[in-house]
Amino acid sequence: MERFIWLIKIVQLCVSKPGISMQKIALSTFFICMITVLFGQVELRYLENRTLTYQEVIEAYRAMDSQFENALLLEFGPTDSGRPLHVFCMSSDKLNSEGNPKEWRKDKTVLLVNNGIHPGESCDIDASIAFARQMLQQGVPDDVLIAIIPVYNIGGALNRGCCSRANQEGPEEHGFRGNTRNLDLNRDFIKADALNTLSFYAIFHQFNPHVFIDTHTSNGADYQYTMTLISTQKDKLNPVLATYLTQKLEPALYDNMEKRDWPVIPYVNVFGGTPDKGYAAFLETPRYASGYTALFNTLGFITETHMLKPYKDRVESTLAFLHVMTSYMDKNAEDLKQCKKSAEAHDQKLTSMDIQWELDSSQSHKMAFKGFKASYIPSKVTTGTRLKYDRSSPVDLEINYYDSYKSIDAVSIPEYYVVPAAWHRVPQLLQYNGVKMKPLKSDTILRVESEYITHFDFAASPYEGHFPLQTLQTERRIQQRVFRKGDYLVPADQPARRFIVSVLEPTAADSYLRWNFYDEIFQQKEHFSAYVFEDTAEQLLKDEPELRTKYEEWLKSGGGEDQDPYRQLNYIYQHSEAYEKEHLRYPVARLIN
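Residues numbered from 1 in each chain as written. Predicted model: local features only at pLDDT ≥ 70, side-chain atom pairs only at ≥ 80, totals over all residues. Heavy atoms only, no water.

**A few points about the state of the cysteines**
So the rule is basically this: Our working definition of a disulfide is a cysteine sulfur pair at a distance within 2.5 Å. Under the scheme applied here, a residue whose accessible area is under 20% of the maximum for its type counts as buried, over 50% as exposed, and between as partly exposed, the area being computed with a 1.4 Å probe on protein chains only.
Summed over the entire model, instances satisfying the criterion amount to one disulfide. The residue that forms a disulfide with Cys-162 is Cys-163, at a sulfur-sulfur distance of 2.0 Å. Disulfide Cys-162-Cys-163: the torsion about the S-S bond is -70 degrees, which places it as left-handed. Residue classification places Cys-163 among the exposed positions, given a relative accessible area of 51%.

What follows is the structure, encoded as structure tokens:
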């Protein structure tokens, strides 16, 4: 590695030192050629079942930055590892560090590729370097701006070893799934615990891509395909994009990959069983990369190469997919741009939105599938049987593919949400995602819809640093509430409309409430002493006939079956003015005109 750093420093020295310009040009050209040759060898390590180290990856992109005036390697914010997150940009136009992505995109389509979110799945890291060099050598298409995140999970890439991907065929060494904080970054796109995620927000909103690719290697069943693909789930996608995805883009991708001798099948969502019984499409909610990007009307794809195929094949199938996508975007640039504009216009007219889905098992279609004969044989390790695939016995199957999801929760979209500033991470994250907000200039009483939690269960063990809400039911109440100076009015009528609803509606699949941003409301702060409150309760039942009727009905319906006096007093307490309004009340409200 030292030789590459040394060569680059010499090039920089040649350019910076005063002297005869022709000498400077000749020396620079000579050393750049040397770097290109050496890095060309480094970039082919995947042929030897090896992947580049993080430092080698960055130096490879730096070398291309030095060689090509239409390429630029940028630093784009911090990561948990202490190292900056890089983005490598390519265009048919000259790029310089004084410009910005919003200027570079002009009338182009934009492709954003994210590599190494799970650095043990490293074929994408090597494929993208080869892709970048091939693009620059053959010419970047005029209608496509390409942005590549070389390694997203830098901490995981630095944590190299031979064996953490226990089921994977090569490479000899690779990175680790968790980042420096042991977070799975592909579960962090809403909660944003990692600095990586905040930096990704900046990249994503600067480039505002038409297409996003997150590159991976799969686990699960065995089959003949090297490449499998997750497309953004159509039933939760903007319908304009969903139609374009299913009728035009997906068929073209599958057809062109077949022509390149890399046939593709939808991601084999089967674990512990066999695909012959059929399987369901993967539902990537907003916690996942492509689920997050879909909230901003970006068409997202997750490439999943097969873990048991040779490393060389995994790299080259990913490389082929990047070329296929770029070619499609160049040839269909106007359609893609118009589609995104139409999707954004559609969203501004939405009056309601789906926020949770489940598989619709009543809908499926037949799909050809190239698998291997599978059987269960006695285990030589355990006392049971084991699943065994026979690769010498390929089979052509016709299976059921379930790719439809149905809405199980939908909400009307208010004109404004009211977001208290006290829970400061929420307005911060909204701002990171380009959400426009209006702070209240003084304490204000507003008529709003409040949501009270009526039933909830937290996860029993931590998941990605949280105890998310797994079950959640609420009821709405119209109230006059005091909001303080500095609290925010968040208009829903803005480009981030889908994102706003998805994080602020409490029952949404990956809402801020579910991710524990408002856990304080689940703890009651004030209580009563039974021997004192007994007299108060007696008087309340005398003074409030409506409360007495409710109480008696509650007792008759079984509320007092356990004959627990404290529980009975607590019912009266919770229906009195003494009971705190903040307990189990979701702090975010919906403004009522």
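**Topic: the nonpolar core**
For clarity, the cut-off: We call a set of buried Ala, Val, Leu, Ile, Met, Phe, Trp, Tyr and Cys residues a nonpolar core when their side-chain atoms join them within 4.5 Å. Only DSSP runs of H or I covering at least 4 residues are called helices, and only runs of E covering at least 2 are called strands; the numbering of each starts at the N terminus. Here, residues are in contact when the closest pair of their heavy atoms is within 4.5 Å.
Leu-430, Phe-499, Leu-504 and Tyr-512 are the most contacted members of the largest nonpolar core, which has 67 residues in total. Among the elements that line this core, the one with the most residues is helix H7 (residues 195-207), at six residues. Not counting residues up to four positions away in its chain, the partners in contact with Leu-504 are Tyr-417, Val-419, Val-426, Tyr-512, Tyr-586 and Val-588. Core analysis: the second largest hydrophobic core is formed by 63 residues, Leu-111, Ile-125, Met-257 and Leu-322 among them.

**Side note on the sheet that holds strand S8 (residues 279-280)**
Short version of the rule: Two strands pair if DSSP finds at least two bridges between them.
The strand order across the open sheet built from three strands is S8-S12-S11, with neighbouring strands paired in mixed fashion. Two strands lie at the open edges of the sheet, namely S8 and strand S11 (365-378), each paired on one side alone. In terms of strand pairing, S8 meets strand S12 (residues 385-402) through two bridges, oriented parallel. Bridge pairing in S12 links Tyr-279 to Tyr-401.

**Some thoughts on unusual backbone geometry**
For the bond from Gly-170 to Pro-171, the omega torsion is 0 degrees, close enough to zero to count as cis. Its location among the elements puts Pro-171 in the loop between helix H6 (154-158) and H7.

**Some details on the packing of aromatic side chains**
Our working rule: Pairing of aromatic rings covers Phe, Tyr and the six-membered ring of Trp, with a centre-to-centre limit of 6.5 Å; geometry is then stacked below 30 degrees between planes, edge-to-face above 60, and tilted otherwise.
Summed over all chains, the structure comprises 39 aromatic pairs. Considering the side-chain rings of Phe-282 and Tyr-288, the 5.3 Å spacing of their centres and the 75 degrees angle between planes classify their relative orientation as edge-to-face. Take Phe-282: its relative accessible area is 22%, and that puts it in the partly exposed class. Judged by its relative accessible area of 12%, Tyr-288 falls in the buried class. Between Tyr-551 and Tyr-571, the aromatic rings sit 6.0 Å apart at their centres with planes inclined by 35 degrees, giving tilted as the arrangement. Of this pair, Tyr-551 sits in helix H15 (residues 545-559) while Tyr-571 is found in helix H16 (residues 565-574), placing the two residues 20 residues apart along the sequence. Taking the relative accessible area as the measure of exposure, Tyr-571 reaches 14% and is therefore buried. By way of ring pairs, the aromatic residues Tyr-152, Phe-189, Phe-200, Tyr-201, Phe-204, Phe-212, Tyr-292, Phe-296, Tyr-432 and Phe-499 are connected into one cluster.

**With respect to the sheet that holds strand S14 (residues 416-419)**
Worth spelling out the cut-off: Axis definition: a line fitted to C-alpha atoms, limited for helices to the stretch in contact. Angles are taken between N-to-C directions and run from 0 to 180 degrees.
Sheet architecture is open: six strands sit in the order S15-S18-S14-S19-S16-S17, paired in antiparallel fashion. For this open sheet the edge positions go to strand S15 (438-439) and strand S17 (469-483), each flanked by a neighbour on one side alone. As defined by bridge partners, S14 adjoins strand S18 (residues 488-491) across four bridges and the pair is classed as antiparallel. Counterpart to Val-419 in the pairing with S18 is Tyr-488. Packing of helix H13 (residues 497-504) onto the sheet brings it into contact with S14 and S18, and relative to S14 it is tilted by some 50 degrees.

**As for H7**
Residue pairs three or four apart in sequence face the same way in an α-helix, which turns once every 3.6 residues. How we decide: Here a helix's expected span is defined as the number of its residues, less one, multiplied by 1.5 Å.
Given a rise of 1.5 Å per residue, 13 residues ought to cover 18 Å, and the 19 Å separating the end C-alpha atoms of H7 matches this to within 8%. Every buried residue of H7 is listed here: Asn-196, Thr-197, Leu-198, Ser-199, Phe-200, Tyr-201, Ile-203, Phe-204 and Phe-207. One or two positions beyond H7, positive phi appears at Asn-208, with a value near 45 degrees.

**Examining the packing of helix H14 (residues 530-543) against H16**
Let me state the cut-off plainly: Angle categories are assigned with fixed cut-offs, so that under 35 degrees is roughly parallel, over 145 is roughly antiparallel, 65 to 115 is roughly perpendicular, and the rest are oblique. Helix crossings fall into two classes, left-handed where the near helix is turned counterclockwise from the far one by less than a right angle and right-handed where it is turned clockwise. Polar here means any residue outside two lists: the nonpolar Ala, Val, Leu, Ile, Met, Phe, Trp, Tyr, Cys and Pro, and the charged Asp, Glu, Lys and Arg; Gly therefore counts as polar.
H16 packs onto H14 with a crossing angle of 55 degrees between their chain directions and a minimal axis gap of 10 Å. Overall, the two elements H14 and H16 adopt an arrangement that is oblique. Where H14 crosses over H16, the two elements pack in a sense that is left-handed. Residues Ala-530, Phe-533, Glu-534, Ala-537, Leu-540 and Leu-541 of H14 lie in contact with H16, whose contacting residues are Tyr-566, Leu-569, Ile-572 and Tyr-573. By residue class, the composition of the contact of H14 with H16 is nine nonpolar, no polar and one charged.

**So, the pattern of salt bridges**
For clarity, the cut-off: Whenever Lys or Arg places a side-chain nitrogen within 4 Å of a carboxyl oxygen from Asp or Glu, that contact is recorded as a salt bridge.
A full pass over the atoms with the stated rule returns 35 salt bridges. Across the pair Lys-191 and Asp-193 runs a salt bridge whose closest N-O atoms are separated by 2.9 Å.

**Overview of the environment of Glu-98**
With respect to the helices, strands and loops of the structure, Glu-98 is situated in the loop between strand S2 (84-90) and helix H4 (101-105). What makes Glu-98 exposed here is its relative accessible area of 77%. Considering only alpha carbons, one finds Glu-98 and Tyr-571, 473 residues apart in sequence, at a separation of 65 Å.

**Focus: the side chain of Lys-340**
Stated precisely, the cut-off is as follows: A residue counts as positive if it is Lys or Arg and as negative if it is Asp or Glu; His and the chain ends are not included. Pairing of N or O atoms within 3.5 Å defines a polar contact, subject to two protein rules: one partner must be a possible hydrogen donor and the other a possible acceptor, and residues neighboring in sequence count only if both atoms are side-chain atoms.
For Lys-340, the position within the fold is in helix H11 (residues 333-348). Here Lys-340 occupies a buried position and makes no salt bridge, while the nearest side chain of opposite charge, Glu-344, is found at 4.2 Å. A polar side-chain atom of Lys-340 sits 3.4 Å from a polar atom in the side chain of Thr-298.

**Here we look at H13**
When you tally the buried positions in H13, you get eight out of eight residues, the bulk of the element. Taken residue by residue, H13 has Arg-497, Arg-498, Phe-499, Ile-500, Val-501, Ser-502, Val-503 and Leu-504 as its buried positions.

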